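Structural characterization, general
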Amino acid sequence: MRLQLDTFSYPGDEHPTLHGIDLAVQAGDCVLVAGGSGSGKSTLARILAAVLPGRHGGVLTARFDMGGETLWFSAGGQHSARPDDPASALAATSPDVVNPRINAAVWNRHLAYVGQDPSAQLSTVAATVAEEIAFALENSGMDRVLMKERVRLTARDLGLTDLLQRNPNELSGGEQRRMIIASAAALNPDFLVLDEPTAGLDADARRYVRTMIESLLARGAGIVLLTPELGGIGRLAARVHLLDGGRIVASGPRSTMLRSAEAARLPLLPDAVDTASAAVAAAAEEANDGGPGALPHAVQAQPVAELQDVVYRYGDQRRRRLTALSKRSLLRRPTVLDGVNLTLRAGERVAIAGANGAGKSTLLRHLNGLARPESGTVRILDRNIAGEPVGSVARDVAYLFQDPQDQLFERTVAREVAYGMPVEDSEDRDAAVQHALERCGLTALAQEHPYELPASARRLVALATVLVRRPSLLAMDEPTVSMDRDGVDRLARAIKVEAARGAAVAVVTHNLDFAYAHCSRLVLLSSGRIVADGPFMHVLEQHFGGGEAFGVQAPAAWMRSKGVDSI
Amino acid sequence: MVSAAPPRLGRLSPLTVLCAAVVIAVTTTALNSWAVSAGVLLGLAVLLASVGLGRKVLPAAAVIMVPFGLSLLLTHGLFFPEGRSVLWTFGPARVTAEGLFFAASMGLRTAVFVVVFLAFSFHVQPADLMALLTKYRTPPQLGFVLCSALTIAPAIAARARRVAQAQQARGLVTGSGLRGRLAAVREQAVPLVLALLHEAGSRADSLEARGFGGRSRRTSYREVTDSRAQQVFRTMLLAALLAFLVFWYGAR
Amino acid sequence: MSSSSSLTLPAPGQADRRVRRLLEILGALAIAGTYLYLVLAQPADITNGLSSGSTLLALSGFLLGVVLLILGILPTLPTSTLVLIPVALVLNIVLGQFVGSTLVPFYLDAIGTVLIAVLAGPAAGAATGALSSIVWSLFNPTVLPFAAGAALIGFLAGLAARYGLFRRFYLAPVAGFVTGIFAGVFSAPIAAFVYGGTSGVATGAIVGAFRAMGDSLLTAITKQALLSDPMDKAIVFTVVAVLVYALPRRSTLRFPFVRRFRVLAGAKSS
């Protein structure tokens, strides 16, 4: 398979989203296309999948070699042949200026595509995982007996046999992702295009997905991975293409690309194992020593939030009872938090980690009243917030959701950040908004629509809306997910500055590498109880000798400094 | 119905249930007699209760029928200018026997209609609907829309809740008064609709990439309970209905 | 050559398109014919009950028309529009209830339908309206006979968008008001002949008041519909206009209908 792409632009856009791309993949190969947020990864993935341009419109000039055939896309004669483009020659030789309409039912036998958000990819017409896996087979008109056999084999090869009779809506994010990959793989395509296959997954789920991709490679499929991660799943790739501004800026074997200047320049997430660099260690050092900005004696500082003997069970929220929960969980009412005591003090940077379902997010939600304890108390500053509406707790506690999109609704970034600020002193307000935008690197984007920004920038908008209010406590749920390196850096700086200002920062994360570098205290949760709490290094030394504890993987940089090789 | 768990009408094919529902509804409407409607309603209640569906169907029917019945009583019970036998007058209101009779016959007829089709709804599973429509070669798009609409409601409700919480967490307390409420509606509707549009876009890509909407005939992994006997029964039932209608309207 | 390639589709067949168009026309004819029959054949006197024959005929005529319309339209819609329809159906309900809990007097149960009509055109709007009633009827069977009316609302909303009534913000409620008049006049005979009244207590009271003044049942129900429907649809159209203008332009421009007919102000045509 080979795609030589001259340009692609979306309808109504003046500038092409992609240009100058030459991507060739052989059967059994794994190729990584690495790029930061907004580099054009998802667009490229959808062109490979023949979803774009399709009926979406947009102008594509490209040559596709697939399954022994050659397809030409051209922009109706409007070529901008650039001599430095590898694909420019095709403009002159393309035999046909009418874009071919691709037959998806045949195309997906050659190349299958899996997009980013698994829950948005469910067919919604399948009552079981087996039916979801069979969806593409049904569309191809396969006979039922053959179909059953194919579903069984696919599930067996990819380790999903146990899930076959489950309801797709009730699976975890990781299980859904594996199911969607299996659904794409059921037709035994020659190639699979996977857009950020491990984004937002915890260590266990990542391992499962990785194993699954290894099985696909073993079956002889060619794989194209698109992700900003050079490490993690990216380690499966032999060849790496670096994507920047819609163009492939460098290509080569993974080992050379990792250390290339381009890789360092782009906002990619480095491989924590390969580059447990001095920088990470230094940042961690600083984080643990308190650093120059942090308050010197955190223990004596004012408590900002206090949880006392907090117990929480599903079904405690009377108003949500009927709608949110299935009957089964109501009957068993599993305990999510089981007597949690936690004090967060001014200037502290606290990481909260634990396996999926350990109660991390629920704990965080208690801090602003989104969850209310069944018993026990939650104090913010010097008051008990029982009965206080979330909207008023929010004056002191800023909460960043995992999906920042839910929090945004204004037409421009600037209006979004200024929303709800006191109107009386407009000069002060404008200055505060400008400052927050600057800290998040959004000054140039102030007049953009928040939803039109790439994922990483969108998270930064949400961060800016929080920073502008100068809260006493910042609670963040998985803030690094779907951020590129630039975003992560800005987030890290914000955490540092806010803590230095005297705010407490609580970060729920599975990304212990990030937490290791930027947090001073580590809280480990397991089955709703706090099983470890203390200075970061101290907790690492105590519990992570084996590299993993309570379903959490130790930071790679720390492991390396200990001389232990993780994974 | 969305999470259609047992009890259901045994191993009857949804098609058989639908056929029976149509036949019952059409026949009672054609006969148009309050006594027949009441009798059928009673029979249905007993039947549904005996198979364990009564507790689901009857309250759902009541929720629809109570305001409907009140509306009919209000309209025809109090004001029925065509009525002759006046039972009671109060200002402009004239309670007439004809009006009450009209309200009762309309209400009972509608009640039968509501109960039989609700019984069908509680019996059929969304995925079965898709499988059935595939089997009878309707455009796959139709099956998709019907089935999908029935299954995505919980996900959309969950999304709406998340948006509301996210907005609260930003300190946007729902204001008091009409203005504040309208502002809150806008603040929450925009992210909700956007998220749904965005999600629909991803879903469309995923469906297309898996060959949905292609030219080839679709098959179905799922099998829907059915039998030869039920097919014969359905054919006979529909033939009988046709014969009845011809007789009923032809004889007049 | 790409035309002989197995990876690509041949140009869409003329015969296929003709069949779909025929289905649409037959569907529209069935609905219009049934409506005319109902209005012309309305019984002069309802004391003996409405003729059960016209009730059955109305039900089957509208249902047949709606099904033909759906079968004709759905396969022509791109997948990106198709996946929005279930969302719109749920929106009709979710947003309707959401707003309904804050502002009591209106139903606002066509927001999803109008949204689709504005983004994807009259055909998609009509299909969405019809399907909305069909899906809703699984929970509340009494709305099934109004499917044709809901299709009409979607169709008219699409026409309004097509001819630029959503380009000026103040025109949207006007278009909604007019749509409401059509919708009210259209659905009144259905309410009268199938149910002999309305399904809500408040609307029932209004019908009763007109009856007290000596109106015939159909006139009374039509008057009641003309009191509530135009206002309701004006609000729905306004809400949809607020929504589509709050959406990022790239999201709305993804829809060919929006691009082609320059449905929204400021949006470039292509």
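As the structure is a prediction and not an experimental result, all values here were calculated from the model.

Broken down by element type, chain A carries 22 helices and 22 strands. The buried share of chain A, taken over its 567 residues, is 56%. Of the contacts formed within chain A by residues at least 6 apart in sequence, a portion of 68% connects residues at least 24 apart. For chain A, the exposed area adds up to about 22,400 Å²; of that, 49% sits on carbon and sulfur atoms.

Residue and element names in this part refer to chain A. Pairing is antiparallel in the open sheet, where 4 strands are placed in the order E12-E11-E14-E15. Edge strands, defined here as strands with exactly one partner in the open sheet, are strand E12 (335–345) and strand E15 (383–384). Taken together, the 2 bridges between strand E14 (residues 375–380) and E15 define a ladder with antiparallel strand orientation. Across the sheet, Arg379 pairs through a bridge with Asn384, a residue of E15.

Moving on, we come to the packing of aromatic side chains. Taken as a whole, this structure holds 15 aromatic pairs over all chains when the rule is applied. For the ring pair Phe68(B) and Tyr195(C), a centre distance of 5.3 Å and an interplane angle of 80° mean the geometry is edge-to-face. Separated into two different chains, Phe68(B) in helix H3 (residues 54–77) and Tyr195(C) in helix H8 (residues 171–195) make up a pair that spans both. Neither residue differs from the other here; Phe68(B) and Tyr195(C) are each classed as buried. Each member of the aromatic cluster is reached from another via a ring pair, and the members are Phe135(A), Phe144(B) and Phe212(B). The positively charged end of Lys148(A) is found above the aromatic ring belonging to Tyr221(B), 5.1 Å away from the centroid. Over the ring of Phe255(C) we find Arg254(C); its NZ or CZ atom is 5.8 Å from the centre of that ring.

A word on the interface of chain A and chain B. Across the contact, 60 residues belong to chain A and 47 residues belong to chain B. Of all residues in chain A, Thr124(A), Asp406(A) and Phe409(A) bury the most surface against chain B, accounting for 14% of the area lost on that side. The interface formed by chain A and chain B includes 7 salt bridges. The salt bridge involving Asp205(B) is made with Arg46(A); its shortest N-O contact spans 2.8 Å. At the boundary of chain A with chain B, the tally comes to 25 residue pairs in polar contact (both at pLDDT 80 or more). Sorting the residues of the side of chain A that touches chain B by element identifies helix H3 (104–110), helix H4 (129–133), helix H5 (135–139), helix H6 (144–157), helix H7 (173–185), helix H12 (321–324), helix H15 (390–393) and strand E16 (397–400) of chain A as the ones contributing at least two each. Counting residues per element, the side of chain A that touches chain B draws most heavily on H5(A), at 5 residues. Grouping the constituent residues of the side of chain A that touches chain B by class yields 28 nonpolar, 18 polar and 14 charged.

Turning our eyes to something else, we now look at the state of the cysteines. Residues and elements named next belong to chain A. All told, the structure shown has 0 disulfides over all chains when counted by the stated rule. Cys440 forms no disulfide, and the closest cysteine sulfur to it belongs to Cys519, at a distance of 17 Å. On the accessibility criterion, Cys440 (1% relative accessible area) is buried.

The two faces of the sheet receive side chains in turn, since in a regular strand these alternate between them. Residues and elements named next belong to chain A. By the criterion of burial, strand E4 (residues 59–66) is predominantly enclosed, with 6 of the 8 residues buried. Relative to E4, strand E1 (residues 2–9) is paired through 7 bridges, and the arrangement is antiparallel. Along E4, the bridge assignment pairs Arg2 with Asp65. If you look at the hairpin formed by E4 and strand E5 (residues 69–73), you'll find 2 residues sitting between the two strands, and Gly67 has a positive phi there, around 55°.

A word on unusual backbone geometry. Of note, the bond from Leu52(A) into Pro53(A) is cis; its omega dihedral lies within 30 degrees of zero at -10°. Mapping Pro53(A) onto the fold places it in the loop between helix H1 (41–48) and E4. We note that Arg137(B) has phi near 60°; this positive angle belongs to a residue other than glycine. For Arg137(B), the position within the fold is in the loop between helix H5 (126–135) and helix H6 (140–169). At Arg262(C), a residue that is not glycine, the phi angle is positive and equals roughly 45°. Its place among the elements puts Arg262(C) in the segment after helix H12 (256–260). Classification of Arg262(C) as partly exposed rests on a relative accessible area of 33%.

All names here are of chain C. Overall, the predicted model of chain C reaches an average pLDDT of 84, with 87% of residues at or above 70. Predicted confidence in chain C is weakest over helix H4 (residues 84–102), with a mean pLDDT of 74, and strongest over helix H7 (residues 147–162), with 96. With pTM at 0.86, the complex prediction returns an ipTM value of 0.88.

Calculation rules
- Residues numbered from 1 in each chain as written.
- Chains lettered and ligands numbered in written order.
- Predicted model: local features only at pLDDT ≥ 70, side-chain atom pairs only at ≥ 80, totals over all residues.
- Heavy atoms only, no water.
- Helix = DSSP H or I, 4+ residues; strand = E, 2+ residues; numbered from the N terminus.
- Buried < 20%, exposed > 50% of the residue type's maximum accessible area, 1.4 Å probe, protein only.
- Contact = heavy atoms within 4.5 Å.
- Areas by Shrake-Rupley, 256 points an atom, 1.4 Å probe, with all protein chains shown as cover.
- Pairing = 2+ DSSP bridges.
- Phe/Tyr/Trp six-rings, centres within 6.5 Å; stacked < 30°, edge-to-face > 60°.
- Lys NZ or Arg CZ within 6 Å of the ring centre and 35° of its normal.
- Buried area = accessible area lost by both parts, 1.4 Å probe.
- Salt bridge = Lys/Arg side-chain N within 4 Å of Asp/Glu carboxyl O.
- Polar contact = N/O pair within 3.5 Å; in protein donor to acceptor, adjacent residues only side chain to side chain.
- Nonpolar A, V, L, I, M, F, W, Y, C, P; charged D, E, K, R; others polar.
- Disulfide = S-S within 2.5 Å.
- pLDDT = per-residue confidence, 0-100.

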